[in-house]
Every structure is written in C-alpha cells, then in structure tokens.
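Residue strings, one per chain:
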Amino acid sequence: MSDLPEIIRFRSFYSWESLNDIYSSIIRTMEFFLLIVPGINFYKKDFPTIVTYCMTRNRRRSKWYFKKVFTVACFSVVSVVVYSCTSLAVLIFSKTLSISQVTDLIRIELCMNLLLFLYLVFFQLYLNTLSLLIKQSWILPIGVITSIIIALDLYRVQIAENIKIVLNPMAHMFFPLHVECSGFLGVDDPVIHNFTFISSVIYFLILIAVLVLLGYKIFQSLDLGLIKEE
Amino acid sequence: MEFIEIKNCSKIIGDKVILDSINLNLHKNQIYGFIGRNGSGKTMLFKAILGLLKLSEGEIIIDSHKIETGDSYPVSVGVMIENNNLWSYLTAFDNLKILASIKKSLNDHEIEETIKRVGLDPKSKKTYSKFSLGMKQRLIFAQAIMEKPELLVLDEPTNALDKEGVELFKKTIKQEKERGATILISSHSIEGFNELCDRVFEMEDGRIINSEGNL
C-alpha cells in the first residue's frame, strides 16, 4: 500500500493541525522567524560605509535600494531551499517512496515553498523597512513581538466560526497548503474554502509591493549625511 | 563657466543653523581648501555637494547637473569623508575591488597601481582591521582617486598621516590636478594648505567668513 496519502496527511497535519493551540502556533511562527534573522539587517548592514563610498558611485539611491530588495529575495530563496531540503530529506529517509510518489509529494512541497518564500520576503522587507526608521537594536525584539502577534492572531482565525477576510500572512501561508492537501486526500473542509493558492499568492504580492514602495519612499526621504554609525 | 555652483545653500536642523546661505562658484581643475574648527560646517558642506544632505534651502549644480536632494549624486566623484570604515575583514586590494566593481571601470592591475601610489602593498594579506590609522587613511584616499574622478571631495584627508604620508598626499594631489581633477579639501588647520590650494575658504558657524587665493 502506498505511503503517500499518509505522508500527505502528515504534511497536512504539519501545516494545519499542529497550529491547534496557542503554544504550537507561536513555536511554528518563531521557527520561520529564525529563518530570516540573519537577513533582518540587510538594509542597514555596513550602512555608513555604503552611503559614503558605494552610493556616491552608484549615482542613484534607487539603484542601491532595489539591489537590496533583490538580495532580500535571494536570501529568502536560500532559506526556503535549506528548510525544504531538510524537511523533505527527513520525510524521504523515514519512508520508502517510489519516484512517482516523490513527484506527487514535490507538488505539495512546491506549493508550500512558494508560499513560504513569499512569507519570508514579506517579513524581511517589513523588518528592513522598519530599520530605516528606528534603531537597529530594536529590530530583533520587534521581529519577535510581531511573530507572537501573528501567532496569536492565527489562533484566533483558526477558532473563528466564520472566516471572511483574513489579513494574517501566516494564515495565507498555511491555509492554502491545507486546501491543497485536503483536495489531494479528497477531504472537503468548508471552513477554509475562501483560501486558494492563487488568492494567497496575490495577497502576498500586493503586500510585498506595498512594502517595497513604502521602503523606497522612506529611503528617499532619509538625510543620509546625518546617519551615524550605530 | 563654473564647475560647481552653490546657490544660497542652507541647512537647518531643529533650531540649529548648520549651513547658512552659502554662495560659491568653483572653477574646474583647481584645488580649493576649506578650513575651520570642528563644527564650522565643512563636512556638512561637502556632504551637501555630494548629495548626501537634504538642503533646507538653495541648490547645488555640478557640471550643469543639479544635485537632487533625493536621488542624484555628482557624475564622477571620489570621496573621502568623515567615515573611515571599509570592510574590516578584507585586505586593501579586496576592499578596493569591491568598490571598483560598482562602476566596473578598473582591472586588477589598475587597483594594484593605485594601492602602490598611496604607499601601501597591494599584495599584503593584512586585513583592514589590522591597519594603523595612517594606513586606513591612505587606503581611503586610494579608493577616492582610483577611478580618476573629475571631482575629489576630501574631508580632513591628512588626519592620522605621518610627515611622509602628508608629503605623498600633497604630491598625489598635485598629480590629480595635472590630470584635470577639481579638488576640494577640508582641514581644521591652515598649515601647509596655502602652498597646495589655489584658493582657501575659511568657515565658521556654517558660513564662509573669509577667502584667500589667486582666483
């Protein structure tokens, strides 16, 4: 008998049922926050040096800014690949799967990876944009607090009886995956019908576009000459 | 025609006037000195010229190119200003290579030649963090001149340099002028400046209070 439904169930469980109480919601949220910790300081890294010696060579601030946004996206790709390879390797080594089963599993994985990538890009851009306005030393605590708020809100969304509009980014990462897994298993879950893979991708793209534009506006308004090394 | 036009340039932060209605016309291929004690506004004026400072009033035009407060810097400029931090874990060569990669205008040989010009060893494996203050200053000077910019903006360039370093600096500045560069240098002391500069401006409280020279 194929192990695949069981694995899909496991994946589904991993993405959904494991969020059933506040503590596990917080743990899952913090797990993803840890993936972005090395990248929350991209904008401000070597900032005084870069402002003086790189930016005057770039001629335009926008060029520097969009390079940073691109780097954030690249870093998120690396995080997703590392995370996904690790979790997939654990799965494959713990179960004996045929190539066709792995192919089916990869479809689910790709779904999750794309959403995880978008979530990580969003979170990194959010913290990096904030870092343009506040002290660098505040970024880490703010990231932790935001993660906890997201986790608590995720729990609220899960126990709510009627879900219409959800803005929680973690929900937009996990719920469509659960829909995918449920569809694969032939299970119908009416509670989360509103969440489709496409709608969540669009939601993240809008969120990311807003953050990129907001960061650009803030960066353009900075008096770079007055920024001191922290 | 002037190379740099500074028109009624002011910068006010809170209730403090940092730059006070500065008007200057600077010609191409000259060396200009700006002297004044700490806090007189030299560095801020340089930052404004570089487009790193949003002016409260006025405008700066370099080679017919207006320096926008938000998104535009001088076309060809070498900078040595206030911050002498480069990447601490890299050697002199690697630091310059990173900076040169932005414009992609130099090859490895040219980078090595620039490092030699300022009296450092391009083959040295010593990282920037292990440099003395004088060596750091030399390397910062090297990054400013390496791409043969039309404008050199040098804030307190002789700080931390020994006598030999200062002489090498002066010699290199004269060579840069011969090449065609326009050079702005600031210092808190006039000592040794008169012989180097075509014109010297004295600054105090964000204003130009005096100028000396033959222009």
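Quick look at the structure, then. (Residues numbered from 1 in each chain as written. Chains lettered and ligands numbered in written order. Predicted model: local features only at pLDDT ≥ 70, side-chain atom pairs only at ≥ 80, totals over all residues. Heavy atoms only, no water.)

Attention now goes to the pairing of strand S10 (residues 207-213) of chain B. Residues and elements named next belong to chain B. For strand S9 (residues 199-204) and S10, the ladder comprises six bridges, and the chain directions are antiparallel. Within S10, the residue paired with Val200 across the bridge is Glu212. Taking the residues between adjacent antiparallel strands as the criterion, S9 and S10 are bridged by two residues, where Asp205 takes a positive phi near 50°. (Pairing = 2+ DSSP bridges. Helix = DSSP H or I, 4+ residues; strand = E, 2+ residues; numbered from the N terminus.)

All right, on to the interface of chain B and chain A then. Taken together, the 34 residues of chain B in the interface contact 26 residues of chain A. Carbon and sulfur atoms make up 49% of the area that chain B and chain A hide from each other, which totals about 2500 Å². Linking chain B with chain A are two salt bridges, by the criterion used here. Between chain B and chain A we count four residue pairs in polar contact (both at pLDDT 80 or more) in total. For the side of chain B that touches chain A, the secondary structure elements donating two or more residues are strand S1 (4-13), helix H1 (42-49), strand S6 (77-80), helix H2 (92-103) and helix H4 (133-145) of chain B. Residues that form the side of chain B that touches chain A fall into these classes: 18 nonpolar, nine polar and seven charged. (Contact = heavy atoms within 4.5 Å. Buried area = accessible area lost by both parts, 1.4 Å probe. Salt bridge = Lys/Arg side-chain N within 4 Å of Asp/Glu carboxyl O. Polar contact = N/O pair within 3.5 Å; in protein donor to acceptor, adjacent residues only side chain to side chain. Nonpolar A, V, L, I, M, F, W, Y, C, P; charged D, E, K, R; others polar.)

Now for the packing of aromatic side chains. Evaluated as defined, the whole model comprises 23 aromatic pairs over all chains. Measuring from ring centre to ring centre gives 5.6 Å for Phe42 of chain A and Phe75 of chain A, while their planes differ by 80°; the resulting arrangement is edge-to-face. Residue Phe42 of chain A is located in the loop between helix H2 (22-36) and helix H3 (47-58), and its partner Phe75 of chain A is located in helix H4 (residues 61-94); the two are separated by 33 residues in the primary sequence. Members of the aromatic cluster, connected to one another through ring pairs, are Phe32, Phe33, Tyr83, Tyr119, Phe122, Phe123, Tyr126 and Phe174 of chain A. A cation over an aromatic ring shows up here: Lys136 of chain B above the ring of Tyr128 of chain B, its NZ or CZ 5.3 Å from the ring centre. (Phe/Tyr/Trp six-rings, centres within 6.5 Å; stacked < 30°, edge-to-face > 60°. Lys NZ or Arg CZ within 6 Å of the ring centre and 35° of its normal.)

Our next topic: the sheet that holds strand S3 (residues 31-35) of chain B. All names here are of chain B. Strand order in the open sheet made by the six strands is S6-S7-S8-S3-S9-S10, with mixed pairing throughout. The sheet is open, and its two borders are formed by S6 and S10, each paired with just one other strand. In this sheet, neighbouring strand axes are inclined to one another by 15° on average, regardless of whether the strands run parallel or antiparallel. Relative to S9, S3 runs parallel, the two sharing four bridges. Paired with Gly33 across the two strands is Val200, which belongs to S9. The sheet strands contacting H1 are S3, strand S7 (151-155), strand S8 (182-187) and S9, and the helix crosses S8 at an angle near 155°. Docked against the sheet, H4 engages S6 and S7, running at close to 165° with respect to S6. (Axes fitted to C-alpha atoms, helices over the stretch in contact; angles between N-to-C directions.)

Turning our eyes to something else, we now look at the nonpolar core. By size, the foremost hydrophobic cluster in this structure holds 127 residues, and its most contacted members are Tyr119 of chain A together with Leu19, Phe34, Leu154 and Leu184 of chain B. Considering every element that reaches this core, the biggest residue donor is helix H5 (residues 99-131) of chain A, with 13 residues. Counting only domains with at least three residues in this core, you end up with domain 1 (1-76 + 149-215) and domain 2 (84-147) of chain B. Contact partners of Tyr119 of chain A, with chain neighbours within four places excluded, come to Thr29, Phe32, Ile150, Pro169, Met170, Met173 and Phe204 of chain A. (Core = buried A, V, L, I, M, F, W, Y, C linked by side-chain atoms within 4.5 Å. Buried < 20%, exposed > 50% of the residue type's maximum accessible area, 1.4 Å probe, protein only. Domains from an automatic or database assignment.)

Glancing now at the sheet that holds strand S2 (residues 16-26) of chain B. Residues and elements named next belong to chain B. Read across the sheet, four strands follow the order S2-S1-S4-S5 without closing on themselves; strand pairing throughout is antiparallel. For this open sheet the edge positions go to S2 and strand S5 (65-66), each flanked by a neighbour on one side alone. The pairing of strand S4 (residues 57-62) with S5 spans two bridges and is classified as antiparallel. Residue pairing in the sheet places Ile62 in a bridge with His65 of S5. Against the sheet, H1 touches S1, S2 and S4, its axis set at about 60° to S2.

This paragraph deals with the layout of surface pockets. Within this model, the largest pocket holds a volume of roughly 570 Å³. Along its surface, the largest pocket is lined by 30 residues, and Asn38, Gly39, Thr43, Glu82 and Asp155 of chain B are the ones closest to its centre. Sorting the residues of the lining of the largest pocket by element identifies S2, H1 and H4 of chain B as the ones contributing at least two each. Taken domain by domain, the lining of the largest pocket gets at least three of its residues from each of domain 1 (1-76 + 149-215) and domain 2 (84-147) of chain B. Put simply, the second largest pocket is a space of about 420 Å³. Taken together, 15 residues line the second largest pocket, and the ones lying closest to its centre are Ile50, Cys54, Trp64, Lys67 and Lys68 of chain A. Of all the secondary-structure elements, those providing two or more residues to the lining of the second largest pocket are H3 and H4 of chain A together with H2 of chain B. Top element by residues in the lining of the second largest pocket is H4 of chain A. It accounts for four residues. Residue classes in the lining of the second largest pocket are distributed as seven nonpolar, three polar and five charged. (1 Å grid on protein atoms, 1.4 Å probe; cavity = no way out; pocket = protein on both sides within 12 Å on 5 of 7 lines; lining within 4 Å. Points joined across faces, edges and corners; volume = space filled by probe spheres on them.)

What follows deals with unusual backbone geometry. All names here are of chain B. Phi is positive for Asn29, which is not a glycine, with a value near 60°. Structurally, the position occupied by Asn29 is in the loop between S2 and S3. Positive phi, close to 65°, is recorded for Ser64, a residue that is not glycine. Structurally, Ser64 can be placed in the loop between S4 and S5.

Residue and element names in this part refer to chain A. Taken together, the side chains of Ile22, Tyr23, Ile148 and Leu152 make up a nonpolar region of the molecular surface, amounting to roughly 380 Å² of accessible area. Elements with a contribution of two residues or more to the nonpolar patch: H2 and helix H6 (139-159). Locating Leu152 in the fold gives a position in helix H6. Look at Leu152 and you get partly exposed, because its relative accessible area is 40%. (Patch = residues over 30% accessible without salt bridge, like charges linked within 9 Å, V, L, I, M, F, W, Y side chains within 5 Å. Areas by Shrake-Rupley, 256 points an atom, 1.4 Å probe, with all protein chains shown as cover.)

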